[in-house]
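Now for the letters of each chain:
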Amino acid sequence: MAGDALDGRQGGITKKGQVLAVLGSPRRGGNTDTLAAEFLRGAAAEGFEPAYIIPTDLGISACDGMNQCFETGRCVILDGMNEIYEKVLGASHVLVATPVYFMGPPGSLKSFIDRFQAVWARFEILDQPRPDAARRKGFAIVAGAAPEEGKMYRPTVSIIKAFLSVTGFTYAGEIIATGLDEKGQAERKSDLLARAFEAGKLFVSG
Ligand SMILES: Cc1cc2nc3c(=O)[nH]c(=O)nc-3n(C[C@H](O)[C@H](O)[C@H](O)COP(=O)(O)O)c2cc1C
């Protein structure tokens, strides 16, 4: 079909795929946005276009824990999350980029992740077919002010891993960006930017 032939083309360049980026910071243009942009630039160099989900802009509610999703695999809170489940489940590559807040992700990202309980229910309770994790990859970028990698960053990484596992992605790696606090700091770290760019390339090509 003509429409299909046009799909995946931008500016005459055939796109090979898409990286869906979940940007967890409420601070637009901050350190994690900068690193995510470099990562996505690396992926774009290999022909993968970016798509974005920004939890803080979605205005979604927190999970109410009523477990009504156990009956249907859908959330009864009708604020757009049911559509987002399909977007995430339809993706082949997902990046989650987030700052550390009190050793975890910001509340808006944590609420977003908690709302995937409905997706967990599809696979663990309702026995619906799972996506093929062998063909789907996830990556984490986690930034914080603390100077050392280690226990400050571990809870956030574990939460992202849990999210990627429930949604059927193989964890392909992470960048822990330490010692970043004020806005603009990541932009001045050329080594870190280069690492993010290379990681993005490898993520879609390796
Ligand atoms: C509410 C709040 C809590 C934070 N808690 C931590 C923390 O527990 N550990 C840490 O290393 N940095 C912490 N930070 C610092 C941020 O992780 C850091 O400024 C990061 O670079 C922000 O990324 P962004 O520019 O992408 O928003 C906190 C910042 C805020 C605003």
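Residues numbered from 1 in each chain as written. Predicted model: local features only at pLDDT ≥ 70, side-chain atom pairs only at ≥ 80, totals over all residues. Heavy atoms only, no water.

**Student:** I'm lost on the confidence of the model for the protein in this one. Help?
**Tutor:** Low-pLDDT stretches of the model should not have their predicted coordinates read in fine detail. Per-residue confidence for the protein averages 94 on the pLDDT scale, and 93% of its residues sit at or above 70. Counting contacts from residues 1–9, a segment whose pLDDT is below 50, to residues more than four positions away or on other chains yields four contacts. (pLDDT = per-residue confidence, 0-100. Contact = heavy atoms within 4.5 Å.)

**Student:** Can you walk me through the environment of Gly 24 in this structure?
**Tutor:** Along the chain, Gly 24 falls in the loop between strand 3 (17–23) and helix 2 (31–45). Placed 48 residues apart in sequence, Gly 24 and Thr 72 show a C-alpha to C-alpha distance of 28 Å. Among residues more than four places away in sequence, those in contact with Gly 24 are Ala 97, Thr 98, Pro 99, Pro 106, Ser 108 and Leu 109. (Helix = DSSP H or I, 4+ residues; strand = E, 2+ residues; numbered from the N terminus.)

**Student:** Explain the pairing of strand 4 (residues 48–53) here, please?
**Tutor:** As judged from the six bridges shared by strand 3 and strand 4, these two strands associate in the parallel manner. When the sheet's bridge partners are listed, Val 19 is paired in strand 4 with Pro 50. Following the chain from strand 3 across helix 2 to the adjacent parallel strand 4, one finds a crossover that is right-handed. (Pairing = 2+ DSSP bridges. Right-handed = clockwise from strand over helix to strand, strands pointing away.)

**Student:** What is the right way to read the site of the ligand from this model?
**Tutor:** Around the ligand sit 17 residues, and of these Ser 25, Asn 31, Thr 32, Val 100 and Asp 181 come closest. Within the backbone of Asn 31, an N or O atom sits 2.7 Å from an oxygen atom of the ligand. For the ligand, a nitrogen atom lies 2.9 Å from a polar atom in the backbone of Phe 102. Notes on the ligand: free accessible area 650 Å², of which the protein chains cover 78%. (Near = heavy atom within 4 Å. Polar contact = N/O pair within 3.5 Å; in protein donor to acceptor, adjacent residues only side chain to side chain. Areas by Shrake-Rupley, 256 points an atom, 1.4 Å probe, with all protein chains shown as cover.)

**Student:** What is the right way to read helix 9 (residues 190–205) from this model?
**Tutor:** Spanning 16 residues, helix 9 covers 23 Å between terminal C-alpha atoms, matching the ideal 22 Å at 1.5 Å per step. Of all the residues in helix 9, the buried ones are Leu 192, Leu 193, Ala 196, Phe 197, Ala 199, Gly 200, Phe 203 and Val 204. End-on, the buried residues of helix 9 take up no more than an arc of 160°, which puts them together on one face. In helix 9, the exposed positions that point more than 90 degrees away from the buried face belong to Ser 190, Asp 191 and Leu 202. Considering only its buried residues, helix 9 is in contact with strand 3, helix 2, strand 4, strand 5 (93–99), strand 6 (137–143) and strand 7 (170–177). (Expected span 1.5 Å × (residues − 1). Buried < 20%, exposed > 50% of the residue type's maximum accessible area, 1.4 Å probe, protein only. Arc of directions from axis to C-beta.)

**Student:** In this structure, what is going on with the pairing of strand 7? I would like to understand it.
**Tutor:** For a regular strand, side-chain orientation follows a simple rule: the groups alternate between the two sheet faces. Two elements, strand 6 and strand 7, share seven bridges in a ladder whose sense is parallel. Looking across to strand 7, one finds that Val 142 is bridged to Ile 176. Between the parallel elements strand 6 and strand 7, the chain passes through helix 8 (residues 154–166) in a crossover that is right-handed.

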